[in-house]
Structure formats: structure tokens, C-alpha cells
Amino acid sequence: MLSSSRFIVAIHALSVLARSAGKGPVCSNAIASSVHTNPVVIRRLMSELEKSAIVKSTAGRTGGFELGRPALNISLADVYSAVEDETVFRMHKMDPNAECPVAAQLKNVLSKPLRAAEDAMTLALGKTSLDDVVRAFA
């Protein structure tokens, strides 16, 4: 299964913003330096977070990014939903052999337990706010 670091990078970037709350926008270069990635990666990620109103951006020389709402009102589930565009578990990329009894039924057999696992993950992430994460750094 392929794994993505987008969620963790988003939490890292948002934590930088939360620690800078009230001090004005933080530029993508500063966030990228903390994350140890390219500022373009940060800007793309922030664009997705902005669509979900998790961050807001300010253009211009002194621009950058700020939280779109208080860290206490941003759950890890909100962040996950904003940056991960697929479900946790993905079925085959290619249609499996429909003549095989396993292949023909696998999706139906697995859909309920996989959905339950995804729901449990969302519930667990929903119990932790960005504020909880940032306070743990203190």
C-alpha cells in the first residue's frame, strides 16, 4: 500500500503557523525550512488547506499564511480530510480477474471492515486538535 506524508507535513506546517499565531503571516520559505522541503511543496499544500478554510493567505512581499480559525477548532481529522484525496485503503488499480472466485468477491467482502477502520481513524483523529499538538511541544 502506498503511503503519503502529506498529512504529517500539513500538521508540521500548521503547527508552525499555530506557534506564530497573532504575529502575522508566515512565508512559505520559513515553513519549508522547518519542514525541510521546498517552498513550492508548502504552497501547494497550503492551497489545499485554504480550500477547507484551515489556513488563509496574504499575498505580497510581507504575505504568507495564517491559521484560518483557532488551532483549538482544527481537528486532525479536518487536516487529513483536506490534504488526503483518497481513502486509506485502496482496491486494485486494475480490475482483478472476474472469473476468479476471490477476485470477484474481494471488494464486497472487504468494503465493510475497511470502511469501519477508516471511520475509526477519522473518529480518533477528530479527538485531537491542532492546539493539543502544539501544546505538547511546550
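Small disclaimer: the values here were computed from a predicted structure and weren't measured. (Residues numbered from 1 in each chain as written. Predicted model: local features only at pLDDT ≥ 70, side-chain atom pairs only at ≥ 80, totals over all residues. Heavy atoms only, no water.)

> It is not clear to me how the overall build of the chain should be interpreted in this structure. Could you clarify?
Scanning the chain from N- to C-terminus turns up six helices and two strands. Relative to a compact globule of 138 residues, whose C-alpha radius of gyration would be 14 Å, the chain shows 18 Å and is clearly more extended. For the chain, long-range pairs separated by at least 24 residues make up 63% of all intrachain contacts whose partners lie at least 6 apart in sequence. If the 16 positive side-chain charges of the chain are averaged to one point and the 13 negative ones to another, these points end up 7 Å apart. (Helix = DSSP H or I, 4+ residues; strand = E, 2+ residues; numbered from the N terminus. Rg over C-alpha atoms; globule rule 2.2 N^0.38 Å. Contact = heavy atoms within 4.5 Å. Lys, Arg positive; Asp, Glu negative; His and termini not counted. Charge placed at Lys NZ, Arg CZ, Asp CG, Glu CD.)

> It is not clear to me how the pairing of strand E2 (residues 64-67) should be interpreted in this structure. Could you clarify?
Side-chain direction in a regular strand flips from residue to residue, so the side chains alternate between the two faces of the sheet. Note that strand E1 (residues 55-58) and E2 share four bridges and pair antiparallel. Residue pairing in the sheet places Lys 56 in a bridge with Glu 66 of E2. (Pairing = 2+ DSSP bridges.)

> How should the packing of helix H1 (residues 6-19) against helix H4 (residues 76-83) be read in this particular structure?
Helix-helix packing: each pair is described by the crossing angle between the helix axes and the interaxial distance. Close contact between H1 and H4 brings their axes to 9 Å; oriented N to C, the two are set at 125°. Judged on the interaxial angle alone, H4 and H1 are oblique. You can see that H1 and H4 cross each other, and the crossing is right-handed. In this structure, H1 contributes Arg 6, Phe 7, Ala 10, Ile 11 and Leu 14 to the contact, and H4 contributes Leu 76, Val 79, Tyr 80 and Val 83. Tallied by class, residues from the contact of H1 with H4 come to eight nonpolar, no polar and one charged. (Axes fitted to C-alpha atoms, helices over the stretch in contact; angles between N-to-C directions. Parallel < 35°, antiparallel > 145°, perpendicular 65-115°, else oblique. Left-handed = near helix turned anticlockwise from the far one by under 90°. Nonpolar A, V, L, I, M, F, W, Y, C, P; charged D, E, K, R; others polar.)

> Can you help me understand the packing of helix H2 (residues 28-35) against helix H3 (residues 39-51) in this one?
H3 packs onto H2 with a crossing angle of 110° between their chain directions and a minimal axis gap of 8 Å. The orientation of H2 relative to H3 falls into the category roughly perpendicular. From H2, Ser 28, Asn 29, Ile 31, Ala 32 and Val 35 reach across to H3, where they touch Pro 39, Ile 42, Arg 43 and Met 46. Its residues assigned to classes, the contact of H2 with H3 shows six nonpolar, two polar and one charged.

> Would you mind showing me how to read the nonpolar core here?
Across soluble globular proteins, nonpolar side chains show a tendency to be buried alongside one another. Within the largest apolar cluster, 34 residues are counted, with the highest numbers of intra-cluster contacts made by Leu 14, Leu 17, Ile 31, Met 46, Leu 49 and Val 79. Sorting elements by how many residues they give to this core places H1 first, with nine residues. Ignoring anything within four residues of it in the chain, the contact list for Ile 31 reads Ala 13, Val 16, Leu 17, Val 26, Ile 42, Met 46 and Phe 65. (Core = buried A, V, L, I, M, F, W, Y, C linked by side-chain atoms within 4.5 Å. Buried < 20%, exposed > 50% of the residue type's maximum accessible area, 1.4 Å probe, protein only.)

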